[in-house]
Every structure is written in C-alpha cells, then in structure tokens.
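The chain contents come next:
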Amino acid sequence: MDNTITLSFVDKKNILSPGELEDRCRQAAPVLARAVAGDPRYQDFTGWRTVDESASPERVAFLQEQAARVRAGADVFVTIGIGGSNQSSRAAIKALRPKDGPVMLWAGNTISAREMADTLETLDGYRSVYIDCIAKNFETLEPGIAFRVLRQYLEKRYGETEAAKRIFATGTPGSTLHQLCKDHSYTFLTFPERVGGRFSVISDVGLFPMAVAGIDIGEITAGMRQMRDRLFAEGAEENIALRYAVLRKLLLEKGYALEMLSFFEPRLDFFAKWWVQTFAESEGKEDTALYPIVSSNSEDLHAVGQYVQQGRPVIIETFLTVRERDASVRIPPEPKKDYFDYLTGKDFWDINEAARKGTFAAHSQRGIPCLEFSIPAIDARTLGQLYYYFIFSCYLSCELLGVNPFDQPGVEAYKHQMFQLLGKY
C-alpha cells in the first residue's frame, strides 16, 4: 500500500493567478529553512520538532511498559486533562477504536456537575479503575478539581495505598503536580518543558493514554518520523506543509475567513477537534487567521451543506479523504418495495465515496477553493504522519501570519474573570 499523503488544490474561480502559489512558496523558503533548522527564537517551545527529543524509541518502550501494567489491571482508564492535554490521545483512540484494552473515559475537560456525577456513577460499574491527570503546570482549574474528586474516589474505594498504585500524573518535572506524586507515591510521567499542550501528542501526554488503549505507539511515532523526514527534505515549492500554509495565507488575503475540514469517516470527529484547537489557539491572534470549522459528512451535508453551497462565499474547504477500503457492507435485495432497488448490491463504502466525490464536485463548481488531503488509511502510522504534518504546517502558517505559534494570551482572559468570581483573588 502506498502510504504517501498527498495534497491537491482545485480553484475553478481562478482565485489564484498562474504561478502565484509557487512564487509565494519560493518567497517563504527562509521560513521553512528556519523551521527545519530549529529557530532559536522558539527554542523553549520546539521540543517536539525532532520527535526523538520528546518521544525517543527508548521513551516509547518505557511508556509501553507502564501501559502494559495498567492494561493488566484496569477495566476502565480515565484521562484527566483539557485542551491539548487530552485532545490528541482521544482523537487517536476514537479513530482507531482498539478493542482489547480497558474502557477509556475522559474527565477534566468540563466543569459540568452533571458530567462529573455521571462519570462517578459510570465508574461504580467497573471493578478496577485507573486514572492519569495531565497538567503541564497544574494551575488549570478543570483538571485540577477533577483530579481531586477522582483521586478521593479511588482512595475511598481502594484505600490510599492501593489507590496510589492506580494513579498516574503527567506534568512538568519540579511542578506542584510532581511534588504531589512524590509525596503520595503516584507514578509520574513527563510533560516536556519544551513542548506546549497543543503540540504534546509527541510526548508522554498523548502517547501514554494511546498505549493504555492498545494503540501501537511505536507505529504512531514511526509515522511522525516519516513525515518529519519528508518535510525536512522537500524544497520550498514542493513541500507539502509549506504549500498548505501558503495556500491558507493567500486565500486569507483574498477575503476568505473560514477553513472547513470536511471528512466522510465519523471516526475522524475527534481528530478534527484536535485540528481545530491546534490552529485556532496557535493562529488566532492580532485580529488575523482563518477560523477553523468542521464538517462531519454525510450528516453535516444536511445542515451546513446548504450554507456552503449557497451562503456567503467566505469558506475554503479542506477535504480529508481515505484511500484504503477497510470495511464492506453490501445493500441486500429487498422484496418489499422501498424505492432503493437502484442500490441493491452496492457497498456502503462505494456509496460513501460517491457522496464524497459528489460533494467535492458540487462545492468546487460553486467556486469554493477546495483542498484535498488524500491519506492511505486510518491507521497508527498514518495518524502519526498527520499529527506531525499539521503541527509543522501550523508552525509555518503562524510564521507567515506574523504571530507567535506557541503562546495563547487570549485564553487567560476568561480565566481572570472566572477566578475573580470564585474568590481566588
């Protein structure tokens, strides 16, 4: 199977002039060169860049050993975290759907009382519960209070000594979370200091929960390295990450405001959420950037599809398509007259492909700028490639926009207001 990821662009309104994309890619060559070499301006935030710094083969083997211990004892595993601390692993687990591990749950990504009450009730139905609290600096409210509640739940249920064996925490060495683990004998994993939350899939943060679920994180990281090697080797004009970043910048300049990631496999729903966070939090500064949105099809074609086809033309559409047929369900004959006989014998896969191709044709003919990522399959190696690809592309895109890829000052605004209301200060 050809495991190459490709990018194509259809521009039926001739929004870009001939050669414009290539010219801008050549102009952006220094941006690519700095990213590949390691820009000293961002040395405190690019621990993910080489993959090996934060996810070396030795580290992967260690995480697999720790995960095997959990898998041997757990019926259910709760990942506590918010934003980048849980999006990446949840995306992979939802996409790959491993079947032989513990039930995977998520907490600390909401402050809803109902959600926490339901989580506790759900855990009562399982014999053996393990948890992992992920927090870079252990100051974020959502995972902090979820960890307290779930930690006390385990202690009440199993006693403090046994509970300690079931508690993992992933944080920065030297943090208050690290001290909590040392004080109470919880297993501590590393949230690398040079890796921010939305880039943390290339570390213990994303890889450990995946390994607990039963995903081959060796294949995930092999895919990351495969994409790293490709992007570091490709020149500016053909570099698939730079072309994507430049296309997005050009279309923004020409008045487009939103980028919609469209896909026809619902398994990619949470991967799309990770994509939204990565680009929105990295780029959304200085009153600029495309607003990232998602269309999970064919369901959303019966909702936002109307707007895309005839609404205000401010959307560019990026299709994420899968080449490998990985399931087959044929429409059986039916003696009762239901008016779907024209589909008898056809496979769901082929019908879904017809919907995808029809959507691409209709939207591009309308004049919507349509990009297409064609991926070989939804498997661990491909997901590893996609994670690295979009992280690197987002980095380049921020550079082209002139914004810092690695900070998020706007996120702090709601926290300040919330903490005042809660009496923190």
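See the structure printed just above.
Residues numbered from 1 in each chain as written. Predicted model: local features only at pLDDT ≥ 70, side-chain atom pairs only at ≥ 80, totals over all residues. Heavy atoms only, no water.

A. Examining the overall build of the protein more closely. When helices and strands are counted, the protein shows 17 helices and 10 strands. Its C-alpha atoms give the protein a radius of gyration of 23 Å, near enough to 22 Å, the size a compact globule of 425 residues would have. Referenced to the eigenvectors of the C-alpha coordinate spread, the extents of the protein come out at roughly 65 × 65 × 45 Å. In the protein, which comprises 425 residues, the share counted as buried stands at 52%. Relative to all contacts within the protein whose residues are 6 or more apart in sequence, the contacts with residues 24 or more apart total 80%. (Helix = DSSP H or I, 4+ residues; strand = E, 2+ residues; numbered from the N terminus. Rg over C-alpha atoms; globule rule 2.2 N^0.38 Å. Buried < 20%, exposed > 50% of the residue type's maximum accessible area, 1.4 Å probe, protein only. Contact = heavy atoms within 4.5 Å.)

B. Spotlight on the packing of helix α13 (residues 269–283) against helix α16 (residues 380–401). As a packed pair, α13 and α16 sit with axes 10 Å apart at the nearest point and diverge in direction by 20°. It follows that α13 is roughly parallel to α16 by the angle criterion. α16 is crossed by α13, and the crossing has right-handed handedness. In this structure, α13 uses F271, W274, W275, T278, F279, S282 and E283 to contact α16, whose residues at the interface are L383, L386, Y387, F390, I391, C394, S397, C398 and L401. For the contact of α13 with α16, a count of residues per class yields 12 nonpolar, 3 polar and 1 charged. (Axes fitted to C-alpha atoms, helices over the stretch in contact; angles between N-to-C directions. Parallel < 35°, antiparallel > 145°, perpendicular 65-115°, else oblique. Left-handed = near helix turned anticlockwise from the far one by under 90°. Nonpolar A, V, L, I, M, F, W, Y, C, P; charged D, E, K, R; others polar.)

C. Examining the side chain of T359 more closely. Looking at where T359 falls in the secondary structure, it is placed in helix α15 (residues 348–366). A relative accessible area of 7% places T359 in the buried class. Here A355 takes part through its backbone oxygen, which lies 2.7 Å from a polar atom of the side chain of T359. Contact partners of T359, with chain neighbours within four places excluded, come to F264, L301 and F319. (Polar contact = N/O pair within 3.5 Å; in protein donor to acceptor, adjacent residues only side chain to side chain.)

D. Examining the environment of R97 more closely. Within the secondary structure, R97 sits in the loop between α5 (84–96) and β3 (103–107). R97 has contacts with A92 and R267, leaving out every residue within four places of it along the chain.

E. Expanded view of the packing of helix α10 (residues 204–213) against helix α11 (residues 217–233). Where α10 meets α11, the closest approach of the two axes is 9 Å, and the angle between their N-to-C directions is 140°. It follows that α10 is oblique to α11 by the angle criterion. Facing L207, M210 and A211 of α10, the residues of α11 in contact are I217, I220 and T221. Looking at the contact of α10 with α11 residue by residue, the classes come out as 5 nonpolar, 1 polar and no charged.

F. Just the sheet that holds strand β7 (residues 258–263), in detail. With mixed pairing, 5 strands are arranged side by side in an open sheet as β1-β10-β9-β7-β8. Edge positions in the open sheet fall to β1 (6–10) and β8 (291–296), since each of these has one partner strand only. Between one strand and the next, the sheet's axes are offset by a mean angle of 20°, whatever the strand orientation. One ladder, built from 5 bridges, connects β1 with strand β10 (residues 370–375); its direction is antiparallel. Considered in β10, the bridge of L7 is made with F373. (Pairing = 2+ DSSP bridges.)

G. Examining the pattern of salt bridges more closely. One pass over the full model with this rule turns up 32 salt bridges. D52 is paired through a salt bridge with R228; the nearest N and O atoms lie 3.7 Å apart. Placement of D52 in helix α3 (residues 52–55) and of R228 in helix α11 is noted, with a sequence separation of 176 residues between them. Shared partners join several salt bridges into a network, and the residues in it are R34, D39, R41 and E399. (Salt bridge = Lys/Arg side-chain N within 4 Å of Asp/Glu carboxyl O.)

H. Representation of the pairing of strand β4 (residues 129–134) within the structure. Among the 6 residues in β4, 6 count as buried, and that is most of the element. Going residue by residue along β4, you find V129, I131 and C133 tucked away on one face and Y130, D132 and I134 tucked away on the opposite face as well. Pairing of strand β2 (residues 76–80) with β4, which is carried by 5 bridges, proceeds in the parallel orientation. Bridge pairing in β4 links T79 to D132. Here β4 runs beside strand β5 (residues 167–171); their pairing, made up of 4 bridges, is parallel.

I. Spotlight on the sheet that holds strand β6 (residues 187–190). Strand order in the open sheet made by the 5 strands is β3-β2-β4-β5-β6, with parallel pairing throughout. Only two strands of the sheet have a single neighbouring strand rather than two, namely β3 and β6. The mean inter-strand angle of the sheet, taken between neighbouring strand axes irrespective of direction, is 20°.

J. Highlighting the environment of P30. In this fold, P30 is placed in helix α2 (residues 29–37). For the pair P30 and A236, spaced 206 residues apart in the sequence, the C-alpha separation amounts to 8.8 Å.

K. Focus on the pairing of β8. Relative to β8, β7 runs parallel, the two sharing 6 bridges. Residue pairing for β8: F263 is matched across the bridge by S296. As a crossover connection, the stretch from β7 through α13 into β8 is right-handed. (Right-handed = clockwise from strand over helix to strand, strands pointing away.)

L. Examining helix α4 (residues 57–73) more closely. End to end, α4 covers 25 Å across 17 residues, agreeing with the expected 24 Å (1.5 Å per residue, within 8%). Those residues of α4 lying buried are V60, L63, Q66, A67, V70 and G73. Take α4 and look down its axis: the buried residues cluster within an arc of 150°, on one side only. Within α4, the exposed residues directed more than 90 degrees away from the buried face are E58, E65 and A72. (Expected span 1.5 Å × (residues − 1). Arc of directions from axis to C-beta.)

M. Focus on the state of the cysteines. Tallied over the full model, the rule gives 0 disulfides. Take C394: it sits in no disulfide, and the sulfur closest to it among the cysteines is that of C398, at 4.3 Å. The class of C394 is buried, set by a relative accessible area of 0%. (Disulfide = S-S within 2.5 Å.)

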